[in-house]
Amino acid sequence: MSLHIAAKPGEVAERILLPGDPLRAKWVAENFLTDPVQYNSVRNMFGYTGSYKGERVSVQGSGMGLPSISIYVHELFTEYNVQRAIRIGTCGAIQDETKVGDLILALSASTDSAVNRRATNGLDFAPHCDFHLLKSAYEVAKKFRVHVGGVSSMDQFYDTTDALTKLREYNVLALEMEASALYTLAARFKRQALAVLTVSDHVITHEAMDATSRERTLKEMVEVGLEALIS
Ligand code: HPA
């Protein structure tokens, strides 16, 4: 047991999907995994272990924001020997070519959060995904509409600064709130990580996803995440 995860050692698989929403973890476990067993309900941050195509995998809610995902990923890496972690979640696009309903594989994850600067004592560390996971995910995702590039993990969903203008200028594809912390922890503990995202809204045009595309893209994202996880 760790502070925030009630699983016994061995109950969490070495390969894990990390949706932000714990109810999405439940939905993935019930719809994509064989014989899922729930190992965590502390703070209602549900976690399950089952199998996908015969391989043992887990799915664990991470919560929203860099501090929340940092807690779960730290404990998964240090107390449960997790080797591969793939975030699945939504993002807000900021470029013209990134459309609502598209998939984004986050090659790198910049941030305005202090966590990385604190981790490296002020150095501008560049958090990036694992190449093998990215390559495997892309092989599956290329049958959908997919972009590979930088995202930015923001501290504030309702940001009032001019960050958006700058990030757009530097060709950042989309905003979300967790990938950077995941990539930094993966680097520190020498684990493999990737964020597979669907564009749920466009931050500039304010276009948002309808219920039908939400369902379709969610399934695409889970398929890409699970296939990369077992690759
Ligand atoms: N900002 C941050 N995270 C997000 C957004 C956004 O606009 N949309 C979906 N996740």
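Structure's up top.
Predicted model only: the values in this text are computed from it and were never measured.

## Comments concerning the overall build of the protein
Part 1 of the reasoning: Of the regular secondary structure elements, the protein holds seven helices and nine strands.
Part 2 of the reasoning: The C-alpha atoms of the protein give a radius of gyration of 16 Å, which matches the 17 Å a tight globule of 231 residues would have.
Part 3 of the reasoning: With the C-alpha coordinates of the protein rotated into their principal frame, the extents come out at 45 × 45 × 30 Å.
Part 4 of the reasoning: With 231 residues in all, the protein has 54% of them scored as buried.
Part 5 of the reasoning: Taking as baseline every contact in the protein between residues at least 6 positions apart, the subset at least 24 positions apart corresponds to 76%.
Part 6 of the reasoning: Carbon together with sulfur atoms contributes 52% to the accessible area of the protein, which is approximately 11000 Å² in total.
Part 7 of the reasoning: With 24 positive and 28 negative side-chain charges, the protein shows a spacing of 4 Å between the two charge centroids.

## Describing the environment of glutamate 79
Part 1 of the reasoning: Its location among the elements puts glutamate 79 in helix 2 (residues 66-79).
Part 2 of the reasoning: For the pair glutamate 79 and glycine 10, spaced 69 residues apart in the sequence, the C-alpha separation amounts to 9.8 Å.
Part 3 of the reasoning: Once you skip the residues sitting within four places of it in the chain, glutamate 79 turns out to touch Met1, Ser2 and His74.

## Considerations on the site of the ligand
Part 1 of the reasoning: The environment of the ligand is formed by Thr90, Cys91, Gly92, Phe157, Leu175, Glu176, Met177, Ser200, Asp201 and Val203.
Part 2 of the reasoning: Here a nitrogen atom of the ligand and a backbone polar atom of glycine 92 are 3.2 Å apart.
Part 3 of the reasoning: Here aspartate 201 contributes a side-chain N or O atom positioned 3.0 Å from a nitrogen atom of the ligand.
Part 4 of the reasoning: Against a free-state accessible area of 250 Å², the protein chains account for coverage of 90% of the ligand.
Part 5 of the reasoning: Those elements that place two or more of their residues in the shell around the ligand are strand 5 (84-93), strand 8 (174-176) and strand 9 (192-202).
Part 6 of the reasoning: The element contributing the most residues to the shell around the ligand is strand 5, with three residues.
Part 7 of the reasoning: When grouped by side-chain class, the residues that make up the shell around the ligand number five nonpolar, three polar and two charged.

## A look at helix 1 (residues 22-32)
Part 1 of the reasoning: For helix 1, the full list of buried residues reads Pro22, Ala25, Val28 and Ala29. Each buried residue of helix 1 sits inside an arc of 110° when the element is viewed along its axis, so together they form one side. Those residues of helix 1 that are exposed and aimed more than 90 degrees away from the buried face are Leu23 and Glu30.
Part 2 of the reasoning: For helix 1, the N-terminal capping position is held by aspartate 21, with its side-chain oxygen 2.8 Å away from the main-chain nitrogen of leucine 23.

## Considerations on a nonpolar patch on the surface
Part 1 of the reasoning: Residues Leu107, Tyr138 and Val148 make up a contiguous nonpolar surface patch of roughly 240 Å² in combined accessible area.
Part 2 of the reasoning: Structurally, the position occupied by tyrosine 138 is in helix 4 (residues 131-141).

## Thoughts on the pairing of strand 7 (residues 146-153)
Part 1 of the reasoning: For strand 7, the buried fraction is high: seven of the eight residues fall into the buried class.
Part 2 of the reasoning: Pairing of strand 6 (residues 103-111) with strand 7, which is carried by eight bridges, proceeds in the parallel orientation. Of the residues in strand 7, the one forming a bridge with leucine 105 is valine 148.
Part 3 of the reasoning: In this structure, strand 7 lies alongside strand 8, joined through three bridges in parallel fashion. In the strand pairing of strand 8, valine 151 is matched with alanine 174.
Part 4 of the reasoning: After leaving strand 7, the chain enters helix 5 (residues 163-169) and then returns to the sheet as strand 8, a path that is right-handed.

## With respect to the nonpolar core
Part 1 of the reasoning: By size, the foremost hydrophobic cluster in this structure holds 69 residues, and its most contacted members are Leu17, Tyr183, Leu194, Val196 and Val224.
Part 2 of the reasoning: With seven residues, the top contributor of residues to this core is helix 7 (residues 211-229).

## Let's talk about helix 4
Part 1 of the reasoning: Burial in helix 4 covers these residues: Leu133, Leu134, Ser136, Ala137, Val140 and Ala141. Within helix 4, the buried residues cover an arc of 165° as seen down the axis, which keeps them to one side.
Part 2 of the reasoning: Structurally, helix 4 contributes buried residues whose contacts are with strand 5, strand 6, strand 7, strand 9 and helix 7.
Part 3 of the reasoning: Sitting at the head of helix 4, aspartate 130 places a side-chain oxygen 3.1 Å from the backbone nitrogen of histidine 132.

Cut-offs and rules
Residues numbered from 1 in each chain as written. Predicted model: local features only at pLDDT ≥ 70, side-chain atom pairs only at ≥ 80, totals over all residues. Heavy atoms only, no water. Helix = DSSP H or I, 4+ residues; strand = E, 2+ residues; numbered from the N terminus. Rg over C-alpha atoms; globule rule 2.2 N^0.38 Å. Buried < 20%, exposed > 50% of the residue type's maximum accessible area, 1.4 Å probe, protein only. Contact = heavy atoms within 4.5 Å. Areas by Shrake-Rupley, 256 points an atom, 1.4 Å probe, with all protein chains shown as cover. Lys, Arg positive; Asp, Glu negative; His and termini not counted. Charge placed at Lys NZ, Arg CZ, Asp CG, Glu CD. Near = heavy atom within 4 Å. Polar contact = N/O pair within 3.5 Å; in protein donor to acceptor, adjacent residues only side chain to side chain. Nonpolar A, V, L, I, M, F, W, Y, C, P; charged D, E, K, R; others polar. Arc of directions from axis to C-beta. Patch = residues over 30% accessible without salt bridge, like charges linked within 9 Å, V, L, I, M, F, W, Y side chains within 5 Å. Salt bridge = Lys/Arg side-chain N within 4 Å of Asp/Glu carboxyl O. Pairing = 2+ DSSP bridges. Right-handed = clockwise from strand over helix to strand, strands pointing away. Core = buried A, V, L, I, M, F, W, Y, C linked by side-chain atoms within 4.5 Å.

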